[in-house]
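In case you want the letters, here they are:
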Amino acid sequence: MDRMPDNTQFIDESLLQTLLQYHTPLTGREFANGVLAKIHAAEKKRRCILISSALLGIIIALLPALQLLPTITLFFNMFSSSPYLITLFTLGTLSGATWLFVSALD
Amino acid sequence: MSDNELIARIINNNDHQAFAELMRNHQSTIRHFLRRLTAGNHALADDIAQDVFLLVFQKLGGFRGQASFSTWLHKIAYRCFLRNQQKAYYRHETEAVDSVLLTVSTQDVEADITVERLMAYLETNERVCLTLSYSVGMSHSEISNATNLPLGSVKSYISHGKRKLAEKVNASQRQSKREKIYGQNAR
């Protein structure tokens, strides 16, 4: 008696090779342009962040030189009047720093 | 220009033209690979492929050259695919795109689409291992390196995948034979 055909028999190796190969090359001009546009946008964003960070650093560094130290002392003295102010200031600073860090990673 | 020369130019000079050339050399393979993994969801595959090349541009400095650039690229593509696989819209879009793609008539394109549809019957790891082995031409140890799967598991996934494909191919061959016979009898 003939054996029933077995569905689970292994497929012919050469057939599998032919079947699974990539048959048509995909044209990539639009694709590549899309990726390059995204890279340009990301680099522009990173440059903006770097410039704003540098400006912020310069301003902070120049404040004492511009003899605004008493004003800054006054600003920090505000925190002694209410504990909520220092919490708000810390949260704000942390959020800003996190945003800068995440943007730089993007 | 070879991959290594292009990579050196990108790292040293931030050369976008060199990156564009590197991308043109590899985009077809990576997009095909992702189309197989997503079982024919071309839109999703291309979205992931864009993420892959963006990531490659950022991480190219970390490429040590221990494996070939192609292996490294496929490793990143596989990781990006796994990250995207968690998204809810994944399965719905696969079906929607399939029906549109069937209207394409070129024979070779149809062969690609057929394989992509067949991939839907396989598990993710079986798709990855079979594609990397038969379509990309990687050795089992290279696949193990690219996917972080143990070598034994890679062999097992390839074997299971082949058996499932054999079932589907044999079934479709029997079906077409049956249709031919019934067609002749009807005449």
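Shown above is the structure to which this text applies.
These remarks concern the structure in this document. (Residues numbered from 1 in each chain as written. Chains lettered and ligands numbered in written order. Predicted model: local features only at pLDDT ≥ 70, side-chain atom pairs only at ≥ 80, totals over all residues. Heavy atoms only, no water.)

### A few points about the packing of aromatic side chains
Residue and element names in this part refer to chain B.
So, step 1. This structure, assessed with the given rule, holds five aromatic pairs over all chains.
So, step 2. Here the aromatic rings of Phe 19 and Phe 57 are separated by 4.9 Å at their centres, their planes lie at 65 degrees, and the arrangement is edge-to-face. Within this pair, whereas Phe 19 is found in helix 2 (residues 16-37), its partner Phe 57 is found in helix 3 (residues 42-59), the two being separated by 38 residues in sequence.
So, step 3. Pairing Phe 63 with Trp 72 gives two aromatic rings, centres 5.1 Å apart and planes at 45 degrees, and the pair type is tilted.
So, step 4. Among the residues examined, Trp 72 registers a relative accessible area of 17% and is labelled buried.
So, step 5. Here the aromatic cluster, defined as three or more aromatic residues joined through ring pairs, consists of Phe 63, Phe 69 and Trp 72. (Phe/Tyr/Trp six-rings, centres within 6.5 Å; stacked < 30°, edge-to-face > 60°. Helix = DSSP H or I, 4+ residues; strand = E, 2+ residues; numbered from the N terminus. Buried < 20%, exposed > 50% of the residue type's maximum accessible area, 1.4 Å probe, protein only.)

### Side note on a nonpolar patch on the surface
Residues and elements named next belong to chain A.
So, step 1. A cluster of nonpolar side chains, Phe 75, Phe 76, Met 78, Leu 85, Ile 86 and Phe 89, forms an exposed patch at the surface whose accessible area comes to about 500 Å².
So, step 2. Looking at the nonpolar patch, the elements that each hand over two or more residues are helix 3 (69-81) and helix 4 (83-105).
So, step 3. Inspection of the secondary structure assignment puts Leu 85 in helix 4.
So, step 4. For Leu 85, a relative accessible area of 32% gives the class partly exposed. (Patch = residues over 30% accessible without salt bridge, like charges linked within 9 Å, V, L, I, M, F, W, Y side chains within 5 Å. Areas by Shrake-Rupley, 256 points an atom, 1.4 Å probe, with all protein chains shown as cover. Salt bridge = Lys/Arg side-chain N within 4 Å of Asp/Glu carboxyl O.)

Take it as geometry only, folks, not as evidence of what the structure does.
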